[in-house]
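# Close look at the chain arrangement
As a plain string of letters, each chain reads:
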Amino acid sequence: MASPRNKATSPSSQTKAMTMDEPEDIKKHNDEDDDVKPLLIEPSSSRDIPMGGADSEQGFLSRAVARNPEFFQQAAKFGFCFCGLQVSYLTWGYMQELIMTTQFEPTERVPSGMFPSAAFCVFSNRFLAVLVAMIAVKIKHGAVFSHNVAPLWAFTPCALSNTMSSWSQYASLKYVSFPVQTVFKSSKIIPVMIMGKLLKGTTYPYGQYIEALLITVGVAIFSVASKTSSRDTSTEIIGLVFLLMYICFDSFTAQWQDKVYQQYGKKNVDPYQMMLGVNSSAICITTAGLIITGDLPVVWEFITANPIVLRYNIITAITSASGQLCIFYTIKEFGPIVFTIIMTTRQMFSICISSIVFGHPISLKAFVGAALVFSVIFYQIRRKYNARMQREGSGGGGSGQN
């Protein structure tokens, strides 16, 4: 009879026997379970982690661009137009004020020493713009005028209105106070919309008129509250007439340029051809004005005695040419309303730069005006983005809702 001790087996031997009898796949699974895995590590997922670092943010941005590339392409174009217009015309305005307000060496015909002709500044700007446009059109199209779809006479109305708006603005400065100037210059958006309805039959939603009014009020509050005039000029009726002429002519200019793009096709008229057509007509108008007024010999004598004035005019002409390129490109891509909003907010940036450079304080009222303007602008951007996303979503693009 076998001993009970011989029949009994130890737990270790049982475990060993079980291990030896296990199938191969079960042993493999048990070996994998024996590895200690770190805690709180989830498998890789395409889900974004909020505040998850640069990699996740870069992935989110790349997916957003891939989902709606047209929007971000338009945003990049808008940024280029905005920066180009601001840099060009802030520099242009500074140089223009430097020319017209600096007391230079007096001459026989100009004993005051002040630059004698604002029309010559306009002429120099147009002259360089024509040269730049001719070179650009020649390089891009192979000929200066023969390949242009839009005839030169199509640009003459906006060239005449542009010249008249500049003249009206200069003429008004002697007869109106600074707050009145500021309010009129800030209120160009609504007249541009009205001119678009008259010239092209364009209709705008009532909400867009309210947005334009809010931007006008905000810019006017900011400008009046943060800047004072060194002149004590009272407002006269003739000054208001000049300002009304300036607003009307300036509104007509942008809308007529947009009408040329629509009539002859944006693909057939590029910014260089627009620049060439407008300035070719404008230089004829300004040259005739210089001859009729007899300013040419006076200006020649003044520049001969003050050569630095010629340098100032050249810098002004360069910035004017670059600004015109940005103007025509902005109107072509975004229309006259967006262009007018950019130019309306330009005086706010001018005041901010002046405050930083010269240490001028900006009051609380000015900040309120600035907050109103940029709130409306950001609301417009958001509204247009949501509208674009809804159109793409309803069209089956799958871009989804925001």
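Shown above is the structure to which this text applies.
Computed from a predicted structure; not experimentally measured. (Residues numbered from 1 in each chain as written. Predicted model: local features only at pLDDT ≥ 70, side-chain atom pairs only at ≥ 80, totals over all residues. Heavy atoms only, no water.)

One pass over the full model with this rule turns up three salt bridges. Where Asp 270 meets Lys 140, a salt bridge forms, and the shortest distance between an N and an O atom there is 3.4 Å. Of this pair, Asp 270 sits in the loop between α11 (237–264) and α12 (271–293) while Lys 140 sits in helix α6 (residues 118–141), and the two are 130 residues apart along the sequence. Salt-bridge contacts for Lys 200 lead to Asp 258; the nearest nitrogen and oxygen are separated by 2.3 Å. (Salt bridge = Lys/Arg side-chain N within 4 Å of Asp/Glu carboxyl O. Helix = DSSP H or I, 4+ residues; strand = E, 2+ residues; numbered from the N terminus.)

In this section: the environment of Gln 86. Within the secondary structure layout, Gln 86 lies in helix α5 (residues 69–101). For Gln 86, the side chain forms a polar contact with the main-chain oxygen of Ile 342, separated by 3.4 Å. (Polar contact = N/O pair within 3.5 Å; in protein donor to acceptor, adjacent residues only side chain to side chain.)

The subject of this paragraph is the packing of aromatic side chains. Aromatic ring pairs are defined here through the distance separating the ring centres and the angle between the ring planes. Within this structure, the stated rule accounts for 12 aromatic pairs. When the centroid spacing of 6.3 Å and the interplanar angle of 85° are considered together, the rings of Phe 80 and Tyr 329 count as edge-to-face. Taken together, the residues span a long stretch of sequence, with Phe 80 in helix α5 and Tyr 329 in helix α14 (residues 307–334) at a distance of 249 residues. Centroid distance Phe 123 to Phe 127: 6.2 Å. Interplanar angle 25°. Geometry classified as stacked. With Phe 123 and Phe 127 both in helix α6 and four residues apart, this pair spans about one turn of that helix. Using a relative accessible area of 44% as the deciding quantity, one classes Phe 127 as partly exposed. (Phe/Tyr/Trp six-rings, centres within 6.5 Å; stacked < 30°, edge-to-face > 60°. Buried < 20%, exposed > 50% of the residue type's maximum accessible area, 1.4 Å probe, protein only.)

Here we take up a nonpolar patch on the surface. Residues Phe 127, Leu 131 and Met 134 make up a contiguous nonpolar surface patch of roughly 250 Å² in combined accessible area. Mapped onto the elements of the fold, Met 134 is located in helix α6. Met 134 sits in the partly exposed class, given a relative accessible area of 31%. (Patch = residues over 30% accessible without salt bridge, like charges linked within 9 Å, V, L, I, M, F, W, Y side chains within 5 Å. Areas by Shrake-Rupley, 256 points an atom, 1.4 Å probe, with all protein chains shown as cover.)

The next subject is the packing of α5 against α6. For any two helices packed against each other, one specifies the inter-axial angle together with the distance between the axes. Their axes nearest at 11 Å, the elements α5 and α6 cross at an angle of 145°. Between α5 and α6 lies a crossing of right-handed hand. For the pair α5 and α6, contact is made by Trp 92, Gln 96, Ile 99 and Met 100 and by Ala 118, Cys 121 and Asn 125, respectively. Classifying every residue of the contact of α5 with α6 by side-chain character gives five nonpolar, two polar and no charged. (Axes fitted to C-alpha atoms, helices over the stretch in contact; angles between N-to-C directions. Left-handed = near helix turned anticlockwise from the far one by under 90°. Contact = heavy atoms within 4.5 Å. Nonpolar A, V, L, I, M, F, W, Y, C, P; charged D, E, K, R; others polar.)

Turning our eyes to something else, we now look at α12. With 23 residues, α12 extends 32 Å from end C-alpha to end C-alpha; this agrees with the ideal 33 Å at 1.5 Å per step. Where α12 begins, the side chain of Asp 270 points an oxygen toward the backbone nitrogen of Tyr 272, at a separation of 3.1 Å. Directly beyond the C-terminal end of α12, a positive phi value near 75° is found at Gly 294. (Expected span 1.5 Å × (residues − 1).)

The subject of this paragraph is the environment of Ile 194. Considering the arrangement of structural elements, one finds Ile 194 in helix α9 (residues 189–200). Taking the relative accessible area as the measure of exposure, Ile 194 reaches 42% and is therefore partly exposed. The spatial distance from the C-alpha of Ile 194 to the C-alpha of Phe 252 is 9.7 Å, given a sequence separation of 58 residues.

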